[in-house]
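What the coordinates show
Residues per chain are reported as follows:
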Amino acid sequence: MDVLKEFSRKATLTYARARVPRNYVGLTLFPAKPVNELSFEYFKDLNRLPVMASVQAFGAEAQIASRDGIEKISGEIPTIKRKIPLRGRELVALRREGAGDAELVRNQLYNDLDAMIDSVNARIEQMRIDAVATGRLVLNENGVVMTVDYGVPATHQVTLSGTDKWSDPAATPVTDMLEWQSQVRGDTGVELTRALTSNTVVAHLLKNAEVRKLIYGDNGGSRAVSLNQLNELMETMGLPRIATYDLQVRKQNADGTYTSGRFFPENRFVMLPADPLGETLMGPTEDALLDPDIDTAEIAGIYAAVYKQSQDPPIIYTLASATAIPTFPLADAVFQAVVL
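Now for a quick tour of the structure.

Analysis parameters
Residues numbered from 1 in each chain as written. Predicted model: local features only at pLDDT ≥ 70, side-chain atom pairs only at ≥ 80, totals over all residues. Heavy atoms only, no water. Helix = DSSP H or I, 4+ residues; strand = E, 2+ residues; numbered from the N terminus. Buried < 20%, exposed > 50% of the residue type's maximum accessible area, 1.4 Å probe, protein only. Contact = heavy atoms within 4.5 Å. Areas by Shrake-Rupley, 256 points an atom, 1.4 Å probe, with all protein chains shown as cover. Salt bridge = Lys/Arg side-chain N within 4 Å of Asp/Glu carboxyl O. Axes fitted to C-alpha atoms, helices over the stretch in contact; angles between N-to-C directions. Parallel < 35°, antiparallel > 145°, perpendicular 65-115°, else oblique. Nonpolar A, V, L, I, M, F, W, Y, C, P; charged D, E, K, R; others polar. Pairing = 2+ DSSP bridges. Left-handed = near helix turned anticlockwise from the far one by under 90°.

1. Observations concerning the overall build of the protein chain
Looking only at helices and strands, the protein chain features nine helices and 16 strands. A total of 340 residues make up the protein chain; the buried ones form 41% of that total. Considering only intrachain contacts with a sequence separation of at least 6, the fraction spanning at least 24 residues in the protein chain is 76%. About 17,900 Å² of surface is accessible on the protein chain, with carbon and sulfur atoms providing 51% of the total.

2. Here we look at the pattern of salt bridges
Tallied over the full model, the rule gives 16 salt bridges. Between E6 and R106 there is a salt bridge, and its shortest N-O distance comes to 2.7 Å. Here E6 is found in the segment before α1 (9–18), whereas its partner R106 is found in helix α4 (residues 101–134), with 100 residues between them in sequence. According to the relative accessible area criterion, E6 is partly exposed, its value standing at 34%.

3. Concerning the packing of helix α5 (residues 173–188) against helix α7 (residues 209–216)
Contact pair α5 / α7: the axes reach a minimum separation of 7 Å and the direction vectors enclose 90°. The orientation of α5 relative to α7 falls into the category roughly perpendicular. Here P173, V174 and T175 of α5 come into contact with α7, specifically with E210, V211 and L214. Here the residues of the contact of α5 with α7 sort into four nonpolar, one polar and one charged.

4. A look at the pairing of strand β11 (residues 258–262)
Here strand β10 (residues 248–252) runs beside β11; their pairing, made up of five bridges, is antiparallel. Paired with Q252 across the strands is Y258, a residue of β11. Between β10 and β11, which pair antiparallel one after the other, the connecting turn spans five residues, and G256 there sits at a positive phi close to 90°.

5. Some points on the pairing of strand β13 (residues 280–283)
Neither face of β13 is exposed, since T280 and M282 on one face and L281 and G283 on the opposite face are all buried. Strand direction decides the pairing type here: strand β1 (residues 32–34) and β13, joined by three bridges, are parallel. Each residue of the ladder has a partner; that of A32, found in β13, is T280. Of the pairings in the sheet, the one linking β13 to strand β15 (residues 315–326) comprises four bridges and is antiparallel in character. Counterpart to L281 in the pairing with β15 is I325.

6. Regarding the environment of E71
When you line up the elements, E71 lands in strand β3 (residues 70–76). Among the residues examined, E71 registers a relative accessible area of 32% and is labelled partly exposed. Counting along the chain gives 258 residues from E71 to P329, while the straight-line C-alpha distance between them is 9.3 Å.

7. Examining the packing of α1 against α4
Packed helices, taken two at a time, are described by their axes: the angle between them and the distance between them. In contact at an axis separation of 10 Å, α1 and α4 are set at 50° when each is read in the N-to-C sense. As summarised for this structure, α1 and α4 are arranged oblique, according to the angle between their axes. Considering the relative orientation of α1 and α4, their crossing is right-handed. Where α1 abuts α4, its residues T12, Y15 and A16 lie against Y110, L113, D114 and I117. By residue class, the composition of the contact of α1 with α4 is five nonpolar, one polar and one charged.

Next comes the structure, spelled out in structure tokens:
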């Protein structure tokens, strides 16, 4: 029995790149783009407001424009990888060749491929959400220490305190949103059309006195408000529609235990433009670069492999890896708030 023949490098690579990730919001904000580089460089557009041309006498030379508002962001694309060994009954079944053994091993290897590919996709999603929620990417894992500041202006970031927090029923979140929208529009000319937050923040908005009064009038103090009604109010006020993102993820600690957490911070509220904010650059991995079975045209993107380690002890590993990072050229066109 040679089940491993089904898991050739071509097969596992095709499988990895055909696998659909979970319903990740970050992939819509930063669509994937394959690149054959291990570094990145792009220019951040600081202002989209047009600069008026000047009136000139007939026959006079035109005013020469300067390249205003261009800031370069650059850095290295980090590597993400995870692997799992085939052990126990599946490893015995690989050599036993009894009834059902091939199917047992095959199913386990596909399950391992799914788990490793999903692990890599989850780490990439966390990077995208860190960018959109905080404007920074801070890595300190396995000896890799790296910070990317995407340059969200300080005037487009706020941390509410005291009775301004939206957890206070007397807070004025709609007034806050109008001010934040006006700030971004005045600075950049960009309209904010959508907002991302948590169910916890929405729950506070639905109980807020200002929201209730704007929906029901003076008699709305105790009446229930739904998210649909809240978004109808947002549209009426010319504000972005609100979506929630509460997807969970686990992280394995050094001692082997697991910690559950969220991709998007529970206490944040982010207002966004309609366009994608940037791209998720997917570069080549060292595994793909050194793999003779991978064509040059295929080295960028998620890599997956099932392989034997012949040294003591002999082990069969399932591995997935990628090099990835989000770019954020529209970093000026968002507003990021800590509201709880």
